[in-house]
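# Fold and geometry: a report
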Amino acid sequence: MEKTVSAWMAGVRQGMSERVSGMPLAYVRTYGCQQNVADGEKMKGLLAEMGFGFGDSPEEADLILFNTCAVREHAEDRVFGNVGALKHLKRRKPGLIIAVCGCMTEQQAVAQRLQKTFPFVDLVFGPHVIHRLPELLHQVLSQQGQVMLLGHEEKTIREDIPIRRDGRSRAWVTAMYGCDNFCSYCIVPYVRGREKSRRPEDILNECRVLAQAGYREITLLGQNVNSYGKGLAEPVNFAELLRRLDELEGDFRLRFMTSHPKDASQELFDVMAASRHIPHHIHLPFQSGNDRVLKEMNRRYDREKYLSLIRYARSVMPDVTFTSDVIVGFPGETYEEFQETVSLIQEVEFVNLFTFIYSPRPGTKAAGMPDPVSHEEKTRWFAELLKAQEEIAARNCRNLVGSTQRVLVEDKDGKTGLLSGRTAGSLTVLFPGGDGLVGEFAQVEVTEARGWSLRGQLTEK
Ligand code: SAH
Ligand code: SF4
Ligand code: F3S
């Protein structure tokens, strides 16, 4: 790390020791996607180097950091509500530092609102300048008023930011930043900037360390991992990156998200089929089953192209499972067009679906399109889609009863005391077992399907 960074870090340590007796505590709350979670882990890495410990509640914290998401209006409203609620806390505890970062801040209207309506927020910064957190905190500690740093997208990727990972068995590894696709409904390209791929050797080194440290699941991240490699000195596409990562030793699963159907290739599925570490599961968002809507969304594939990818994947991996994202009620979508989304999920039989009601995002193309269908009506369509998916998921679950699955145990449920684990195909199984299994693989016989969830028993097989 640069010398100046260590000077700023030392300054922050000093400044905090004057404000707080003992170790200063940070409360970092991340909203949104895994990319944001990964950013949060980097900010925690930097904070830890500056002497911060981490707390679970805003009340005990000396620094509160909200790492925000802008993808839907609802997500933004929650953040404004939660930031607003800190006003009283700040009054009681004037030394408290409040910071807001993440995707929301990169929208002008949000930045202005934070400035005008939330002047008690000390620091506002965007996702491009995470590495400058020491300098920014140093500024907060040494000057009056709100510090704000937005934009400043850099051409190079910073590889020297320490990471403080939340999990000990599952890790997030960024493969690429930003997005160039400009799907007409989506804010991400505006707030995250242009696509930038990390060098394959940097990704490989990070994954090697994780595998050696005993991590059981590594998930590569990017808004469109299939377009990985653009602009790299060495021409490496995503399939080739996976091939190289698959050679790493260790007992781990290698997952990735998100794949865009316009760039998903047969080569990708071939690599998955031949790999040791990649489970036969792919998250492949289709958004809509109707060609006109897909065109308006600027997704640049049609229903048939999507289905042909699914058919190819199944031909090389008969046990492959799919999950997806869907938007209901895109501007101008008719009920008949929506029905094609329902028929697509019935055709593909996703094991899990992430469904969203369209939310207009200021500045995107779709936000200016006529949107005659009421929210109430869209909510009805949404419920119809969920019902169809529940039936599919329940059928998928019933098909697994009697089979033995290798699951990665993720958690112990506080209420039921059951362990929960994920199969290679990304289905959740609940079963009795000891805490010691959390973070490890276990063989589980599926004994029962309860609706769309699975119950099982540990087995030696
Ligand atoms: N890059 C990924 C997804 C990023 S956002 C991809 O292309 O698939 C995650 C999901 O949020 C999207 O897949 C989409 O289904 C949903 N989404 C994005 N913008 C939205 C909006 N304005 N309204 C409702 N859902 C939206
Ligand atoms: Fe948004 Fe489309 Fe980029 Fe995904 S690919 S982040 S949906 S613009
Ligand atoms: Fe949200 Fe930003 Fe991710 S807008 S979905 S946190 S890239």
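Please read these numbers as outputs of a predicted model, since none were measured by experiment.

Before going further, it helps to spend a moment on the site of ligand 2. Lining the immediate surroundings of ligand 2 are C179, N181, F182, C183, Y185, C186, V188, P189, Q223, H260 and R299. Here the shell around ligand 2 is built from residues that sort into 7 nonpolar, 3 polar and 1 charged.

Turning next to the layout of surface pockets. Put simply, the second largest pocket is a space of about 580 Å³. Looking at the second largest pocket, it is lined by 27 residues, and the ones nearest its centre are H280, D319, T321, A424 and G425. Breaking the lining of the second largest pocket down by element, the ones donating at least two residues are α14 (375-400) and β15 (404-412). With 3 residues, α14 is the largest single contributor of residues to the lining of the second largest pocket. For the lining of the second largest pocket, a count of residues per class yields 10 nonpolar, 10 polar and 7 charged.

Of all 6 residues that make up strand β3 (residues 63-68), 6 are buried, and the element is covered over most of its length. Burial along β3 is two-sided: the face carrying L63, L65 and N67 and the face carrying I64, F66 and T68 are both buried. Two elements, strand β1 (residues 25-30) and β3, share 5 bridges in a ladder whose sense is parallel. Bridge pairing in β3 places Y27 opposite I64.

This part is about empty space enclosed by the protein. Taken as a whole, this structure holds 3 cavities of 30 Å³ or more when the rule is applied. Considering only enclosed or pocket space, the largest cavity measures out at about 320 Å³ in volume. Lining the largest cavity are 16 residues, with P127, H128, H131, R158 and Y177 positioned closest to its centre.

Cut-off values and rules
Numbering of residues starts from 1 in each chain and follows the order in which that chain's sequence is written. Whichever chain is written first becomes A and whichever ligand is written first becomes 1, with later ones labelled in order. Whole-chain, interface and lining totals are the exception, using all residues; otherwise, since this is a predicted model, local features are given only for residues with pLDDT of at least 70 and side-chain atom pairs are given and counted only at 80 or more. Excluding hydrogens and water, the side-chain figures rest on all heavy atoms present in the structure. Near is defined per residue: the residue qualifies when any heavy atom it owns lies within 4 Å of the molecule or strand. Classification used: nonpolar for Ala, Val, Leu, Ile, Met, Phe, Trp, Tyr, Cys and Pro, charged for Asp, Glu, Lys and Arg, polar for all others including Gly. A pocket here means an open set of points on a 1 Å grid, computed over the protein atoms alone, that has protein on both sides within 12 Å along at least five of seven lines. A cavity is instead a set of points where a 1.4 Å probe fits but cannot get out; residues with an atom within 4 Å of a point line either one. Grid points are joined across faces, edges and corners, and a volume is the space filled by probe spheres set on the points. Helix and strand assignments follow DSSP, with helices taken as H or I runs no shorter than four residues and strands as E runs no shorter than two, numbered in order from the N terminus. Remark: exposure states derive from per-residue accessible area (1.4 Å probe, protein chains only) relative to the maximum for the residue type, with buried under 20%, exposed over 50%, and partly exposed in between. Strands pair, by our definition, only if DSSP identifies at least two bridges between them.

Just distances and angles here, no functional claims.
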